[in-house]
Amino acid sequence: MSKKHSVLLKEDKCEGCTSCVKGCPTKAIRVHQGRAWIKEDFCIDCAECIRSCEYHAKYTETDTLNIALKSNYPVLLIPPSFYGQFSPEISAFRLKTAIKELGFKAVYDVSESAAALSRQTLKFLNNNSGSYISTSCPVIVRLIKLQFPDLIEMLLPLKSPVELLAEKIRQEFKAKHNYKPDIFFLTPCPAKLTTVNKISGQQKSFLTGAIGVENIYKKIYDSLEKIEIEPEFDVDQLSLATVWGKEGGEESILNSWQEINTLSVSGISQVKKLLNEIERNNISAEIKYFELTSCVNGCIGGVLNVINPYQAQYNLEVRVRNIIKQQQNKLLNQTDKQDSLYKFYLTENIIADNVSKLDSDFKKAMQKLEQLQREIEILPGLDCAACGAPDCKTFAEDIVNGLAARTDCIFMLRKQLGKLADDLSILAHELPPVMSSKEEDNNNDS
Amino acid sequence: MQKQQIMCKEIESFDFQSGGEASSNLKNILRKLGVNSDLVRKTSIVTYELEMNVVIHSLGGEITALISEEELEIRVDDVGPGIEDLDKAFTPGYSTASNEIREMGFGAGMGLVNVKRYADKLTIESSKENGTHVKVLIKLF
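Residues numbered from 1 in each chain as written. Chains lettered and ligands numbered in written order. Predicted model: local features only at pLDDT ≥ 70, side-chain atom pairs only at ≥ 80, totals over all residues.

Draft legend 1. Spatial organisation of the UniProt feature "domain: Histidine kinase/HSP90-like ATPase" (unreviewed entry) in chain B. Following the UniProt record, one finds the feature "domain: Histidine kinase/HSP90-like ATPase" (unreviewed entry) at residues 47–139 of chain B. Structurally, residues 47–139 of chain B is divided into 30% helix and 33% strand, and its ends, taken at the C-alpha atoms, are 15 Å apart. (UniProt positions renumbered as here; feature names shortened; annotations may be inferred. Helix = DSSP H or I, 4+ residues; strand = E, 2+ residues; numbered from the N terminus.)

Printed below as a string of C-alpha cells:
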C-alpha cells in the first residue's frame, strides 16, 4: 500500500466520471482508461474525492479492530470529535468502558493533551512575535508544504495533540513497565492515518496505527448495551478541551484565558482562499493565530465519522455544556503541573514538497513554460475535464510534462478529424493527370 | 541571458473582482519555474500592492513581468492622475484613498512602503499627463 497518502480507489466501482477530478483542491486526480487515479505526490488526504464520489469508489483503509487486538497491550486514543458521534446522554465514562470491553487495555482522551497544547500555544504566542498557523490538522500542513511553501515559517512548531499524548504514554510505559504498548488512534479522517507512516516535523510518529471511527462504531454501540455502570461513575469526566472537536474550539479556549486575535477557518477550499490572502499580505498582521481545519465544521466533519456533521456539532456542544455544569467551572485550568511531561516542540523542520516546478533546470523550465503558454492558447478553455484532467490549464501542463497528448482533448481531436476529412475530400477530387485528360475527352465527346 | 516576458495582464479601474489575479498568476508561473519560495512571496506581495494601486487609483493599466535567470522585472503602467507627491507616497500610513476604499480594507498607506521594502530596485515615473510607470527589479540569485 502507498505510504504517501491513504485515499484509495476501488477500480470496479469507478465510472471515470471526473467528479472527483474537478473537486480535488490540489489537482491530484486524473481519469485514465476510465478510472480516476491519484497522483501520489499531490494527494494531501483531504478526502474531498471520497465526499464527491457518487459511486463510492474512493475510500480509505484504516486498521481494523482485529489488527489492534493482535497486540499484547493495545491502547486507544479518543479524539474530542468522537464525542459528537453519540448522544450527550451517553456518558464519556460509559463510552470508554464500552471501548475497553472490545479488548483495549486502556483508553485515553486526546482532549487532555489538547488542553496542554492550548496552554503551550498561548505561552508561545505571548513570547514570540509574528502570526502562526495551527499544525494540528495534517491536511493543512501538507497543503502548505505543497502549495504555500513560503508560509511554512508560519506553522506553529508544536506537535499535534495526538502525537503529544502518544509520546507521553510511551514514556510512562517505559518508566513504569517493562513492556511496550501499541497505541492506536480512533481517527475521523484518512489524513491522521497517513501521519502514522509519514509525519511532518517529527522523525516518526508515536502511533502504532489508526482505526477509522466507521470501522468500530457499530461494535461500540453493541458493547454499550451490554455494560452496566454504577450511577455515581456514569458521568463525563472530560476535559473542557473536548471543544477542540469542532471548528473554533481551539480558538475559544485561547480566548477564554486572554484576549488574543485569532481567526478560525474550516473547509479546504476556504482555507486555500485564506492562505492566498495571507500570502499576498492582504490579511491583517494583528491576527496572531490561525486555527485551520480541512474539514468543514472541524474534525466532527471528518469523512470517517458516522453521524452527520450537523448533528455531531449539536451533540458535542451539548456535551461541552454538560462538562461545564459538572465541573462548575467555565474555564479550562490555565496551568497544570502535568504539562511538564509533554515534549511540545517539533523535532524536525517542515520542508516544502517542491513538486510544482516544470524542470529543475531554469532554462529548460523556461522553454516548458513557453510551450505551456502556447498549449493553453490552443486548447478550447472549456475546462470540461473530458480529457481526464480537471481543466485545460492542468491538461496543458500534463502535455508539456509528457503525461498527455493534445488529441486527448475531444475538441482538438474533432478539429483534427475535420481537417483530415477536408484534406481527404480535396484529395478525392484531385484526379491524377492521366484520368483528368480522359475525363475531358469524354466531356468533349458528349 | 536576455529577459523574456512571462506575463502581461490588463487591469481595469475599480475591478475588485479580478484584482489580485495578476499576482496569483505570476506566483503560479514562478513556482513552475522553480523560483525560491521567499522570492515568490516577495513578488506576490509587490505585485498585489501595485495591482491594487492600479485598481484603486488609476483609470486602468497593464502589468508585465519579465524574467531572466538572474532577475525578475515587474512593470506596471497605468493611465490616470499620477501620484501627486512621490515623497509623501513613501511615508508609512500616508494614503490618498477615499473613505469608501478604506472601508473595503484598502488604503492603509503601506502599499508603496511594502513595495520598496521587498524590491531590490524600484523606479517610479509619474505625471498627471502620462500616468504612473513603475519598474521593480527583484534579484533571483
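Draft legend 2. Structural detail: the domain arrangement of chain A. Once the domains are mapped, chain A shows domain 1 (7–60), domain 2 (65–341) and domain 3 (362–445). Computed over C-alpha atoms only, the centres of domain 2 of chain A and domain 3 of chain A are separated by 54 Å. (Domains from an automatic or database assignment.)

Draft legend 3. Spotlight on the UniProt feature "domain: 4Fe-4S" (unreviewed entry) in chain A. UniProt records the feature "domain: 4Fe-4S" (unreviewed entry) at residues 367–426 of chain A, using the numbering of this structure. Counted over residues 367–426 of chain A, helix gives 63% and strand 0%. Its end C-alpha atoms are 37 Å apart.

Draft legend 4. Quick peek at helix 2 (residues 37–57) of chain B. Taking 1.5 Å per residue as the helical rise, helix 2 of chain B with its 21 residues ought to reach 30 Å, and the 30 Å between its terminal C-alpha atoms agrees with that figure. The buried fraction of helix 2 of chain B amounts to 18 of the 21 residues, a majority that puts the element mostly inside the structure. (Expected span 1.5 Å × (residues − 1). Buried ≥ 20, exposed ≤ 12 C-beta atoms within 10 Å, placed from the backbone.)

Draft legend 5. A look at the packing of helix 1 (residues 21–32) of chain B against helix 2 of chain B. Residues and elements named next belong to chain B. Closest axis-to-axis distance for the helix 1/helix 2 pair is 8 Å, and the angle between their directions is 160°. On the basis of their axis angle, the class for helix 1 and helix 2 is roughly antiparallel. In this structure, helix 1 crosses over helix 2, and the sense of that crossing is right-handed. Residues Ala22, Ser23, Leu26, Lys27, Leu30 and Arg31 of helix 1 pack against Val40, Thr43, Ser44, Thr47, Tyr48 and Glu51 of helix 2. (Axes fitted to C-alpha atoms, helices over the stretch in contact; angles between N-to-C directions. Parallel < 35°, antiparallel > 145°, perpendicular 65-115°, else oblique. Left-handed = near helix turned anticlockwise from the far one by under 90°. Contact = placed C-beta atoms within 7 Å.)

Draft legend 6. Geometry of the pairing of strand 5 (residues 74–78) of chain A. All names here are of chain A. Of all five residues making up strand 5, five are buried, and the element is well covered by its neighbours. In strand 5, alternate side chains face the same way, and those of Pro74, Leu76 and Ile78 on one face and Val75 and Leu77 on the other are all buried. Here four bridges tie strand 5 to strand 8 (residues 182–187), and the two strands are oriented parallel to one another. Opposite Leu76, over in strand 8, you have Phe184 as the bridge partner. The pairing of strand 5 with strand 6 (residues 106–109) spans four bridges and is classified as parallel. The residue of strand 6 that forms the bridge with Leu76 is Val107. Read from strand 5 through helix 4 (residues 92–101) to strand 6, the crossover connection turns out right-handed. (Pairing = 2+ DSSP bridges. Right-handed = clockwise from strand over helix to strand, strands pointing away.)

Draft legend 7. Region of interest: the sheet that holds strand 10 (residues 262–266) of chain A. All names here are of chain A. If you trace the three strands from one edge of the open sheet to the other, you get 7-11-10, paired in parallel fashion. Pairing within the sheet leaves two strands with one partner each, and these edge strands are strand 7 (132–133) and strand 10. Two strands pair when backbone bridges link them, and strand 7 and strand 11 (residues 289–293) are joined in this way by two bridges, in the parallel orientation. Pairing of Tyr132 across the sheet is with Tyr289, part of strand 11. The strands touched by helix 10 (residues 249–257) within the sheet are strand 10 and strand 11, with strand 10 carrying the most contacts at an inclination of about 165°.

Draft legend 8. Seen up close, the confidence of the model for chain B. Looking at chain B, the pLDDT average stands at 91 and 100% of residues meet or exceed 70. Predicted complex, confidence summary: ipTM 0.88, pTM 0.91. (pLDDT = per-residue confidence, 0-100.)

Draft legend 9. Structural detail: the sheet that holds strand 9 (residues 209–212) of chain A. All names here are of chain A. Taken in spatial order, the four strands line up as 6-5-8-9 in an open sheet, and their pairing is parallel. Among the strands making up the open sheet, the edge pair consists of strand 6 and strand 9. For this sheet, the mean inter-axis angle between neighbouring strands, taken without regard to orientation, is 30°. Those strands touched by helix 7 (residues 161–176) are strand 5, strand 6 and strand 8, and its axis lies near 150° from that of strand 5. Here helix 8 (residues 190–197) sits on the sheet in contact with strand 8 and strand 9, set at roughly 165° to strand 9.

Draft legend 10. A look at the pairing of strand 2 (residues 29–32) of chain A. Residues and elements named next belong to chain A. Relative to strand 3 (residues 35–38), strand 2 is paired through four bridges, and the arrangement is antiparallel. Opposite Arg30, over in strand 3, you have Trp37 as the bridge partner. Where strand 2 folds back onto strand 3 in an antiparallel hairpin, the turn is made up of two residues, including Gln33, whose phi is positive at roughly 50°.

Draft legend 11. Spotlight on the interface of chain B and chain A. Taken together, the contact pairs 19 residues of chain B with 16 residues of chain A. Only strand 1 (4–11), helix 1 and helix 2 of chain B provide two or more residues apiece to the side of chain B that touches chain A. At seven residues, the largest contribution of residues to the side of chain B that touches chain A is made by helix 2 of chain B. Counted by class, the side of chain B that touches chain A contains six nonpolar, eight polar and five charged residues. (Nonpolar A, V, L, I, M, F, W, Y, C, P; charged D, E, K, R; others polar.)

Draft legend 12. Spotlight on the packing of helix 2 of chain B against helix 5 (residues 111–118) of chain B. Residue and element names in this part refer to chain B. Axis separation between helix 2 and helix 5 bottoms out at 9 Å; the angle between their running directions is 150°. Considering their axes alone, helix 2 and helix 5 lie roughly antiparallel with respect to each other. Pair helix 2 / helix 5 crosses with left-handed handedness. Counted together, Lys42, Ile45, Val46, Glu49, Leu50 and Asn53 of helix 2 and Gly111, Asn114, Val115 and Tyr118 of helix 5 form the full contact between these two elements. Counted by class, the contact of helix 2 with helix 5 contains five nonpolar, three polar and two charged residues.

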